[in-house]
Every structure is written in structure tokens, then in C-alpha cells.
Amino acid sequence: MPADERPAVRRPDRAPASRRTRVPRPFAARPAPAGVPLPAGPAPRGRLTTGSRRPAPPRSPGRGGSGRGGFGPRGPRRGGVRRSYERARRAWDRPLTAYYVILGSSLLITVLGLVMVYSASMIKALDISKPSTYFFGKQFVAAVIGGALMLIAARMPVKLHRALAYPMLTVTVFLMILVQVPGIGKSVNGNQNWIYLGGPFQLQPSEFGKLALVLWGADLLARKQGKRLLTQWKHMLVPLVPVAFLLLGLIMLGGDMGTAIILTAILFGLLWLAGAPTRLFAGVLGFAALLAFLLIRTSPNRMSRLACMGVSEPDPEGGCWQAAHGIYALASGGWFGSGLGASVEKWGQLPEPHTDFIFAITGEELGLAGTLSVLALFAALGYAGIRVAGRTEDPFVRYAAGGVTTWITAQAVINIGAVLGLLPIAGVPLPLFSYGGSALLPTMFAVGLMIAFAREDPAAKAALAMRRPGVRWKTMRRRVKKRPSGER
């Protein structure tokens, strides 16, 4: 259509500059100038009539909440706690979290244990005419060997761990039989559970029985699950329970009730992970409880330990001396302790200050802050082990990780509970913390086992591959085409 034939479009006159100023709220319409007729009907949408202005929407209050563009005191941010929680949850859900938590917590427990072993054992070493670093030196050598075992176990594939199950069980049973042979086995504190190796070194095979039961039981249950035999109770119990009772019998021949309790906890942990029915689980648990009651009832030494639960002072005849002085050590520590090396109870008052009751010396020298730190490290290690067992699809990894987690957490609870007077004194060391190379070596190998399982997760494998030198640059590099000059 030619330009001269187009209909003229009438536009309303724009208001003068003086009228285009901001209209204060609330909005009030101004009257039209005299002599200017108003158009009939409602004004068109989206346009302003002459002499009028569309009311502005109400402005939301600013940061200060004053309603004047944010000018005023700044209020607290909303959702700060929720954002922190979400950030922490995302960090915990990363693929390598369990790997780093297991490695970091176990190394921290071991290093802190070395410090406390030196502090708690120096007076004991001088009392037997040895250098003050005598027990610390032996523990340090065991920690170095255990660290090498942990590194080897962390680098071994899962198939090789499964291949070691039967040889380790056979060697352990053979050594536990040798303990009972006169002239080979050695008795310590009334327990015949040691083999003399020459010099200052001796071996306790029952500590390696825990690792053997975990590996062999996990391999057995994984193979039976692959054949779908765990739905039958006889395949779930046989031969797992008879072999476990064989190990328990060899341990109880030497009189070591504490190690027998830990082995029983590992057995129940494996049965729980295998999905044992409630009646079957309750039956085995009831039989074990009855057997433990008979063993305690027939031993005056075990009955005296049971009677020392919750005591606050020793008997006039000297009974419950260790339990009472363990409570004294914890009570005198306060919030932050008396200082490293400043314990009073280790000067002959508390028997075994560097082994079974090292947690009491920790409470006396480092206070409540030190003991809570140790508990937090064990809690982190246990939770990371549960995470590894719960996120895997491999049944062997699930059973083995669950067995190791049950072993370490149950032994820590029994030891700390005895020091606090909540449980009988079972004579078990605090894992990775107390003095004793025979207990430290298999425990560090078990920690390396969990590290290997954490590395086997597909997401963790991918994350570790990205962290290798040279891989990140090659995978993350992007080619960008050259752009003309001035183009963005």
C-alpha cells in the first residue's frame, strides 16, 4: 500500500517534561487540561492517557526490611544453616570421601596412639630397668611394619584378598594349636596365648584369627550367595559357625575371654549382613550368651572382673584396684587435662597404663577434649566402613568391610566401656591405639583392606584417575576456535 493511502494513526500527545516527573505514592490521577476532550471508552492497554501515569507496583523491602529501597539495618540471612548443611552433605557424598576418611582417621589414631604409648609407658619401662623409650621403640617398629602391610593391602586387588582367605585361616589355626604345646606357648597374665619369637618379640596368634575369620567368612558367604544358597539356614550356618567355634575353643583354652568376645561379635556381624532370620540369629545369640555365662560363672577371675563394674573405689583387700584408678585418672583430667606426660596414675598406681587402660591416661593428660577426639576418630572410621559396605555391589566387599567395621568398633566399645566402668574388664586393647604389635599388625592390614574396597568403587576409580599427573590436563582441555578481532 502506498504511503499516501495508509490511514493516519493518532497518537496521544506526550506529557510535557514537567509532568514526566515521578508521581509520589499513593497514586492520584491529575485532571485533564481544560478544553481537551477525553476519548470515549476505556483507554487502550499499554498506553498512558494524557495527564495520567500508571501506578508503579509496590516495591519489596530491601535487605534491611525497611521498605525504603533497602536503607536500614541489615537483617539475618535466611537459609544460612540450610545452605551449610547442603554444602556439607554434597561434600560427604563425593566418591573419595570414604577413602580419605578411612585413611586419615586410621593414621591419626595410630600417630596419637604412639604419642600416648610413649607418655604412658616411660615410668613402666624405667621400673623394669629399661630405657624410657623401650615400649615406644617396639610400638614404633610395629607401626612401620603395619604401615607397610596397610599399603600392600590397599594396593592388592579384591581377587587376591579372596585368594588369601583359606591360607590365612589354615596358618592361624596351626599357630593357635602350637600355643597350647608345652615349651612353645607362653603364658602372660594367666593367659596361654603367646608364642615366643626370640629376644623381646612374641606373637599372639589369636589376634590374627580375627582377620582370618573376616576374610574366610566373607569369601564363604559371597560364594554361597552367588549360588543362591543363603536362603537355607543350614548353608548359612555350616561351615561358618563350626569353624568360628573352633577358633573360639582354641582361644578359650588359653583363657583369653576378651578376644573370644570380639570373634563372637565378628561372627554375628557376618550373619547379620548375610540376612539371617530373626529366629536363627536369636538362637545363635542365646547359645553364645549361655556359653559365656557358664565360662564366667566357673572362673573366679572372670567373676571378680564382672563384680568391678561401676565401682568408684577399690576394695579394702585390693580388689577392683585397676577399675577404680582408671576412674580416678579420667576424673582428674578435667576439660583439657593435666598436660602431656603429667599423669599421676601411671606412677605405679594404675596397672597396664599403656595397654588396656591407655584411654584412662589419655583422659588424665589430654582431658575431655582428648578423649572426645579419640571417640570422634573411631566414629568416623566406623561410619566410613559402613558406607563402603553399603554402597558396593560385590558381596565379598560388603561382608568383608562389614566384618572389619564390626571388629574395630566392637573392640573399641568394649575397651572404652571397661575403662569407664560400664562393662567388665575384658583385657582387649584399644585398636590402633594401645601398645601391642600383635594387635596392631592385623588391624592395620584390615584398614588397608577397607581402603582397597573404597578404591574399587567405580566413581572413586574415576576420581582417582582424574587426579593422576597429566590426566587432568588431557581430559579437561577444550579446543577453542580462533575468533575475529574484537568478537567476543
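Residues numbered from 1 in each chain as written. Predicted model: local features only at pLDDT ≥ 70, side-chain atom pairs only at ≥ 80, totals over all residues. Heavy atoms only, no water.

Within the secondary structure, G147 sits in helix α3 (residues 134–155). Here G147 falls in the partly exposed class, since its relative accessible area comes to 24%. Counting along the chain gives 294 residues from G147 to L441, while the straight-line C-alpha distance between them is 8.4 Å. (Helix = DSSP H or I, 4+ residues; strand = E, 2+ residues; numbered from the N terminus. Buried < 20%, exposed > 50% of the residue type's maximum accessible area, 1.4 Å probe, protein only.)

Strand order in the open sheet formed by 3 strands is β1-β2-β3, and the pairing between neighbours is antiparallel. Each end of this open sheet is capped by a strand with a single partner; those strands are β1 (185–188) and β3 (201–203). When the angles between neighbouring strand axes are averaged without regard to direction, this sheet yields 50°. Here strand β2 (residues 191–198) pairs with β3 via 3 bridges, running antiparallel. The residue bridging I195 from the neighbouring strand is L203, located in β3. (Pairing = 2+ DSSP bridges. Axes fitted to C-alpha atoms, helices over the stretch in contact; angles between N-to-C directions.)

To continue, consider the pattern of salt bridges. For the coordinates displayed, the defined rule picks out 7 salt bridges. Between R162 and D219 there is a salt bridge; the shortest N-O distance is 2.9 Å. In this pair, R162 is assigned in helix α4 (residues 158–163) and D219 in helix α6 (residues 205–226), connecting sequence segments 57 residues apart. Residue R162 is classed as partly exposed on the basis of its relative accessible area, which comes to 26%. Its relative accessible area of 6% is what places D219 among the buried residues. A salt bridge links K346 to E365, with the shortest nitrogen-to-oxygen separation between them at 3.3 Å. (Salt bridge = Lys/Arg side-chain N within 4 Å of Asp/Glu carboxyl O.)

It is worth spelling out the packing of helix α2 (residues 97–127) against α3 at this point. Interhelical geometry of α2 versus α3 gives an angle of 160° and a closest axis separation of 8 Å. When the axis of α2 is compared with that of α3, the two are roughly antiparallel. The hand of the α2/α3 crossing is right-handed. Side by side, α2 and α3 meet where L103, S106, L107, T110, L114, V117, Y118, S121, K124 and A125 of the first sit next to Y134, F135, F136, Q139, F140, A143 and M150 of the second. (Parallel < 35°, antiparallel > 145°, perpendicular 65-115°, else oblique. Left-handed = near helix turned anticlockwise from the far one by under 90°. Contact = heavy atoms within 4.5 Å.)

With that out of the way, let us pick up the side chain of T392. Take T392: it is sitting in the loop between α13 (358–391) and α14 (395–419). Among the polar contacts made by the side chain of T392, one reaches the main-chain amide nitrogen of D394 at a distance of 3.1 Å. Not counting the four nearest positions on each side in its chain, T392 is found in contact with V397 and R398. (Polar contact = N/O pair within 3.5 Å; in protein donor to acceptor, adjacent residues only side chain to side chain.)

This part takes up unusual backbone geometry. A cis amide bond links V238 to the next residue, P239, at an omega of 0°. Tracing the backbone shows P239 in the loop between α7 (233–237) and α8 (240–253). For L432, which is not glycine, the phi torsion reads 65° and is therefore positive. The residue L432 is located in the loop between α14 and α15 (437–455) in this model. The buried category is assigned to L432, whose relative accessible area is 5%.

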